[in-house]
Each structure stands twice: as C-alpha cells, then as structure tokens.
Amino acid sequence: MRALLLENLHPTAGKILTEAGFDVEEHSGALDEDELIAALEGVDLLGIRSKTEVTQRVLDARPDLTAIGAFCIGTNQIDLARAATLGVATFNAPYSNTRSVVELAIANIIAMARRLTERDKALHAGVWDKSADGSHEIRGRSLGIVGYGNIGSQLSVVAEALGMRVYFYDVDDRLALGNATRCSSLAELLEVAETVTLHVDGREANAGVFGAAEFAMMRPRSLFLNLSRGFVVDYDALRAALVSGHLAGAAVDVFPKEPKKRGDAFDSPLRNLPNVILTPHVGGSTEEAQEDIGRFVGGKLRDYVRRGATSLSVNMPTLMPERTPHTQRITHLHQNVPGVLAALNDVLGRHEINIGYQSLATRGDLGYAVTDTDSPIPDAALAALRDIDGTVRLRVIS
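Residues numbered from 1 in each chain as written. Predicted model: local features only at pLDDT ≥ 70, side-chain atom pairs only at ≥ 80, totals over all residues. Heavy atoms only, no water.

## Concerning the overall build of the protein chain
To keep it simple, the criterion reads: Counting from the N terminus, the helices are DSSP H or I runs at least four residues long and the strands are E runs at least two residues long. Any residue under 20% of the maximum accessible area for its type is buried, any over 50% is exposed, and the rest in between are partly exposed; the area is computed with a 1.4 Å probe on protein chains only. Whether two residues are in contact is decided by their heavy atoms, any of which lying within 4.5 Å being enough. Reported accessibility uses the Shrake-Rupley method at a 1.4 Å probe radius. Residues are deemed covered only where the shown protein chains occlude them. Charge counting treats Lys and Arg as positive and Asp and Glu as negative, with His and both chain ends excluded. Lysine's charge is taken at NZ, arginine's at CZ, aspartate's at CG and glutamate's at CD.
Helix and strand counts for the protein chain come out as 13 helices and 16 strands. The principal-axis extents of the C-alpha atoms in the protein chain amount to approximately 85 × 45 × 35 Å. Looking at the protein chain as a whole, 51% of its 398 residues are labelled buried. When contacts within the protein chain are restricted to residue pairs at least 6 apart in sequence, long-range pairs at least 24 apart make up 64% of them. Accessible area for the protein chain stands at about 18,700 Å²; split by element, carbon and sulfur atoms hold 49% of it. Side-chain charges of the protein chain comprise 40 positive and 51 negative groups, with the mean position of each set lying 5 Å from the other.

Next up, the structure:
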C-alpha cells in the first residue's frame, strides 16, 4: 500500500507507516486541487496539515482512498461529509499540540503586556527607551477565553496559576476549571476582560464571529489574541481598533489566506503596527508537539488499515476491535438502516463462514460492522457482501 504525506510532517509519521509496510512518499509543501488529484493516483493513505484542501472534487476523483490523516487539530480543510459517504476514514490530533498553543498564548500575553516587541524594535533601531509606561504585570489582570475546549480550558489553568482572573464563554456547556468564571454571553465576557483570546473551532458558524461590533465592546486599551482560525476575525476591523488606540495590542497566529509553503510572500492589514505580534501559524509548531502528532495520527492510520480500528475518527462510527489471532477480518461500512447486519450474517451463513467475533457501531447515517472468521472467504461471498443494499465500503484484513 502507498501513503502520501504532505506539508513537512514529522518523520515519526513516515517511520510508523514505513514499518507497517507502506511505501511512503513525502512532500514539504501543500498541493492545490489538480496537483493533489494527480498525486493521489494509486495512493491509499493521505497525510496533510492545514494548507492542503481535500475537497469533494478531490475525493470524487480518488474514491478508492482508504483514509486521511489531518496532522493538526482542525479538519475544516477536508470535506468530511463526502469522505464519509465514500468510506474514507479521517483522523486528526485533537490533543497533541494543546500545550504548545497554550504556551504561545501565555508568551504573547506577557510580551504584549510588557510591550516587549516595541522595546525590541527600538533597540534594534539603536534607540534606548527604558520606561515603565504602558508595561504591566499579568498577575491580577482579567483574561477572557472565548472557546473553552481542550486548549481554552488548559490555558485557563495555566493563566490562573500565573495569577490571572479567568473568565470564559462557550456555546456549549463546559465545566469551569479552578476558579474560572463562566460568562453567559460574549458581551458579558468582553465587558470584564482586559485580555481576550479566541480558541474556537473551525465550524462554518464561527466565520466572522469577531468583528467591529465585538472590538467596540472590548474594554479600552485591552489586548486581543487569535490563535484559533483565521476566518473567525475581521482583521480590517482589528486594524482599525488598533490604529485608533482602542486596543493596546494584538497577537495573531492564523489568517484567512495563508501561504502554501515556507518562504512564500505574506501580506496582512496587521503588518507594521506597533505592539502587534504576527506569527506564521506556529501555535502547534514545536518539535515536541509535531513529534506527538506524527506518532498519534500515524498510529491511527496504521491501526485503521491493520485492525479496522476507528477510535477518535472524526467521520466514522467508533470501534476499537483487537485483532483475533489467525483470523481474517471483514469490515463493512454501510448506511445506518435496519437489516444490514442481518443481511451480512445471512451472506456469511449461506457461504458457511463461521463468525468468531463481531461488533457493530453506528454514527449518524453510517454503521460499521467488524467480523472475524477463521473460515476461508470465497470471492462469491465478498461479491454478495458488496451487493448488500446500503454498502459503502468493504475491506478484508488478513
């Protein structure tokens, strides 16, 4: 089997798949639609980060793709619904780079509060500007976290340990950690927070969620961070709030349009503004996080191919079946309608195939059955299984 890994993934991913018997091809940059379609010919596994978009057109052109690994948190660059209907399992790394993003957020908050970037630029320009004006400790300051998931909640704990008062807002009901205070609305959070940081996910409903109205509601001379998704913020409105002096600083790590590879030109309305920290989507780009992501997602892809395991797949029913020794495994992905499992077992019975283990899971419109057997599986049985109404994909794992 063949695996294509794009966007300079950590070598751990390639090593895991190579040791699992895959022929691994690696590229440092992202590919556009046409390039990706051409590159995926004969490929079973695709590994990407955030720049490569796996669209419906790509998936329809390469429907035999077995699985996709998003070596990052977000999966909005993948048409998950279309991948599911074609039986292409998709995995991501929802936890592996959490700490790295949290540490960057804390570093940015301290740097902005102390105006370190401005002091740095002045000294590089040969100007000695030793002053406490506008510089503050973060201890005792209020931090507002918008989005209290894996990253937001861990940031809450670290910020509180540094002496900050933490407030958070999330559309879902989340458990407050430590002494953090839950806000009932975004407006309530913006009224009390001296620093506001976004950690929302990539769902379409979050597009443009933070614009001129929200910046206007923030406290005068407050700080703003976005380390989540580029499309959730109106950066022209952010620039206006910074230029007017309403905001004292901003740190941004994600942008609506990002270059596809290292060294490409970059532009943003936020360039060349004082006390604005711009980083090239490196929130999770530490050696520790990238190695862990490579291990985690690489392992998920390997286990799906070897065992049919779908644990933590973002678009498949969840099963974690162990391999039974000396058996063949049949994985049957199908539409979640009544009678499919009965039809599957009827086929096995008619062909005198004994079932040693069987498990079924469902998720939304999909059902996923895993069946182990010691009996030989004739071609006629496989054809009959594929012909069951509602079948999406059938695999036999030896």
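## Some words on empty space enclosed by the protein
Keep this limit in mind: Cavity: a set of points on a 1 Å grid over the protein atoms alone where a 1.4 Å probe fits but cannot get out. Pocket: an open set with protein on both sides within 12 Å along at least five of seven lines, its lining residues, like those of a cavity, having an atom within 4 Å of a point. Grid points are joined across faces, edges and corners, and a volume is the space filled by probe spheres set on the points. For this classification, Asp, Glu, Lys and Arg are treated as charged, while Ala, Val, Leu, Ile, Met, Phe, Trp, Tyr, Cys and Pro are nonpolar and the rest, including Gly, are polar.
Here the structure, examined in full by the defined rule, presents one cavity of 30 Å³ or more. Taken together, the elements giving at least two residues each to the lining of the largest cavity come down to strand S13 (328–335) and strand S16 (391–397). Considering only residue class, the lining of the largest cavity consists of three nonpolar, two polar and two charged.

## Let's talk about the sheet that holds strand S12 (residues 276–278)
The criterion, for reference: When DSSP finds two or more bridges between a pair of strands, those strands are recorded as paired. Axes here refer to lines fitted to C-alpha atoms; in helices the fit is confined to the stretch in contact. Angles between the N-to-C directions go from 0 to 180 degrees.
Spatially, seven strands are ordered S8-S7-S6-S9-S10-S11-S12 in an open sheet, and the strand pairing comes out parallel. In this open sheet, the two strands that pair with only one neighbour each are strand S8 (181–182) and S12. Where strand S7 (residues 165–169) lies against S8, two bridges are found, and the strand directions are parallel. Paired with Tyr167 across the bridge in S8 is Thr181. In the packing of helix H5 (residues 98–113) onto the sheet, the strands contacted are strand S6 (142–146), strand S9 (195–198), strand S10 (222–226), strand S11 (247–252) and S12, and the crossing angle to S10 comes to about 150°.

## A closer look at helix H12 (residues 340–350)
For clarity, the threshold we go by: As used here, the arc belongs to the directions running from the helix axis to the C-beta atoms.
What H12 keeps buried is the set Val340, Leu344, Val347 and Leu348. Each buried residue of H12 sits inside an arc of 95° when the element is viewed along its axis, so together they form one side. In H12, the exposed positions angled more than 90 degrees off the buried face are occupied by Ala342 and Arg350. Turning to H12, the residues buried within the fold contact S13, strand S14 (357–363), strand S15 (366–373) and helix H13 (379–386). Two residues or fewer past H12, Glu352 is found with a positive phi of approximately 55°.

## Considering the packing of aromatic side chains
Heads up, the condition is: Aromatic pairs are defined between Phe, Tyr and Trp rings, using the six-membered ring for Trp, whenever the two ring centres lie within 6.5 Å; interplanar angles under 30 degrees are classed as stacked, those over 60 as edge-to-face, and all others as tilted.
Across all of its chains, the model carries seven aromatic pairs by this definition. Considering the side-chain rings of Phe210 and Phe224, the 5.1 Å spacing of their centres and the 40° angle between planes classify their relative orientation as tilted. In this pair, Phe210 sits in the loop between S9 and helix H9 (212–217) while Phe224 sits in strand S10, placing the two residues 14 residues apart along the sequence. According to the relative accessible area criterion, Phe224 is buried, its value standing at 0%. With centroids separated by 4.8 Å and ring planes inclined at 65°, the aromatic side chains of Phe255 and Phe266 adopt a geometry described as edge-to-face. Of the two residues, Phe255 is situated in the loop between S11 and S12 and Phe266 in the loop between S11 and S12; the sequence distance between them amounts to 11 residues. Its relative accessible area of 8% is what places Phe255 among the buried residues. With a relative accessible area of 29%, Phe266 lands in the partly exposed category.

## Quick look at the nonpolar core
Note the threshold: We call a set of buried Ala, Val, Leu, Ile, Met, Phe, Trp, Tyr and Cys residues a nonpolar core when their side-chain atoms join them within 4.5 Å.
In this structure, Val196, Phe210, Phe215, Phe224 and Leu238 are the most contacted members of the largest nonpolar core, which totals 29 residues. Considering each element in turn, this core owes the most residues, five residues, to helix H10 (residues 235–243). Among residues more than four places away in sequence, those in contact with Phe210 are Leu186, Leu190, Val196, Leu198, Phe215, Met218, Phe224, Val232, Val233 and Asp234. Judged by nonpolar contacts, the second largest core, of 27 residues, contains Val102, Ile109, Ile145 and Ala180.

## Describing the pattern of salt bridges
Pairs can form between side chains of opposite charge whenever their charged atoms are close. Where we set the bar: Salt bridges are counted wherever a side-chain nitrogen of Lys or Arg sits within 4 Å of a carboxyl oxygen of Asp or Glu.
A complete count under the given rule lists 21 salt bridges for this structure. Across the pair Glu137 and Arg139 runs a salt bridge, and its minimum N-O distance is 3.0 Å. Owing to a relative accessible area of 59%, Arg139 belongs among the exposed residues under this scheme. One continuous salt-bridge network, built from bridges that share partners, spans Glu33, Asp34 and Arg57.

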